[in-house]
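# Chains, contacts and geometry: an overview
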Amino acid sequence: MRYKRPDMKNAQSILKAAQREMKFTLTLEPTEDSATTITRNIYESFRMLGDSLLVAQGTESQDHITPIKELLKLKVNTERPISLIDNLRRLRHNINYYGYRPNIAELTDTLSIAKNCFKPLCDAVTEKINADRT
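Calculation notes
- Sequence positions are assigned chain by chain, starting from 1 and proceeding in written order.
- Reporting in this predicted model follows two pLDDT cut-offs: at least 70 for local features of residues, and 80 or more for side-chain atom pairs to be given and counted; totals over whole chains, interfaces and linings ignore these cut-offs and use all residues.
- Hydrogens are left out, water is left out, and the side-chain values use all remaining heavy atoms of the structure.
- A pocket here means an open set of points on a 1 Å grid, computed over the protein atoms alone, that has protein on both sides within 12 Å along at least five of seven lines. A cavity is instead a set of points where a 1.4 Å probe fits but cannot get out; residues with an atom within 4 Å of a point line either one.
- Grid points are joined across faces, edges and corners, and a volume is the space filled by probe spheres set on the points.
- Each helix corresponds to a stretch of at least 4 residues labelled H or I by DSSP, and each strand to a stretch of at least 2 residues labelled E; elements are numbered beginning at the N terminus.
- Lys, Arg, Asp and Glu make up the charged group, whereas Ala, Val, Leu, Ile, Met, Phe, Trp, Tyr, Cys and Pro make up the nonpolar group; the residues left over, Gly among them, are polar.
- For our purposes a nonpolar core is just a set of buried Ala, Val, Leu, Ile, Met, Phe, Trp, Tyr and Cys residues, chained together by side-chain atoms within 4.5 Å.
- The rule is simple: take the accessible area with a 1.4 Å probe, protein chains only, and divide by the maximum for that residue type; under 20% is buried, over 50% is exposed, in between is partly exposed.
- Residue contacts are defined here by distance: any two heavy atoms, one from each residue, within 4.5 Å place the two residues in contact.
- For every element, the axis is a line fit to its C-alpha atoms; helices are fit only across the contacting stretch, and the angle between N-to-C directions ranges from 0 to 180 degrees.
- In these notes the angle categories are as follows: under 35 degrees is roughly parallel, over 145 is roughly antiparallel, 65 to 115 is roughly perpendicular, and the rest is oblique.
- Should the near helix be turned anticlockwise from the far one by less than a right angle, the crossing is left-handed, and should it be turned clockwise, the crossing is right-handed.

If you roll a probe as big as a water molecule over the atoms, it shows you where there is empty space left. What the largest pocket holds in volume is close to 180 Å³. Taken together, 15 residues make up the lining of the largest pocket; nearest its centre are Lys 4, Val 55, Thr 59, Glu 60 and Ser 61. Elements that contribute at least two residues to the lining of the largest pocket include exactly helix H2 (35–57) and strand E2 (59–60). Here the residues of the lining of the largest pocket are counted per class, giving three nonpolar, five polar and seven charged.

Here it is in structure tokens:
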């Protein structure tokens, strides 16, 4: 991990990009053909939330584990456990590096995680970044 100067503008930019990406991804029709893209995009949106926290703290991550761990530190009430985001990380890894194709059940679970966890986490990240500004 590398330490840099906290960059609130970049953190906000990453946060907004995560919101846009998630909003778009949730408009895609869930099918076997779209499962890979939807799963990747949902995971990346969560990772970007974690990255925005790290950038706001002045930390640059070299991997995907650190941003996810940063999200898991947040005290957020969600209908699904936020620890499931780490499962998305592993699923995305298998998709990208082993050619795995998620099935409809995995896609449904991924969408459920996104719909139940993204907004509360996004709100918590926004609050934390704004608190760090002052």
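Anyway, onward from the coordinates.
The next thing to look at is the nonpolar core. Counting residues in each nonpolar core, the largest one holds 36 residues, and the members touching the most others are Phe 46, Leu 49, Leu 71 and Leu 121. Elements with a minimum of two residues in this core: helix H1 (8–25), H2, helix H3 (65–72), helix H4 (84–98) and helix H5 (104–133). The leading source of residues in this core is H5, at 11 residues. Ignoring any residue separated from it by four or fewer positions in sequence, one finds Leu 121 in contact with Phe 46, Leu 49, Leu 71, Leu 74, Val 76, Ile 82 and Ile 85.

With that out of the way, let us pick up the packing of H1 against H2. In contact at an axis separation of 8 Å, H1 and H2 are set at 165 degrees when each is read in the N-to-C sense. In terms of orientation, H1 and H2 fall into the roughly antiparallel class. Considering how the two elements wind past one another, H1 and H2 form a crossing that is left-handed. Touching Met 8, Asn 10, Ala 11, Ile 14, Leu 15, Ala 17, Ala 18, Glu 21, Met 22 and Thr 25 of H1 are Ile 38, Asn 41, Ile 42, Ser 45, Phe 46, Met 48, Leu 49, Asp 51, Ser 52, Val 55 and Ala 56, all from H2. Grouping the amino acids of the contact of H1 with H2 by side-chain chemistry returns 14 nonpolar, five polar and two charged.

The subject of this paragraph is the environment of Asp 109. Topologically, Asp 109 is positioned in helix H5. On the basis of relative accessibility, which here comes to 33%, the residue Asp 109 falls in the partly exposed class. Expressed as a C-alpha distance, the spacing of Asp 109 and Thr 39, which sit 70 residues apart in the sequence, is 9.8 Å.

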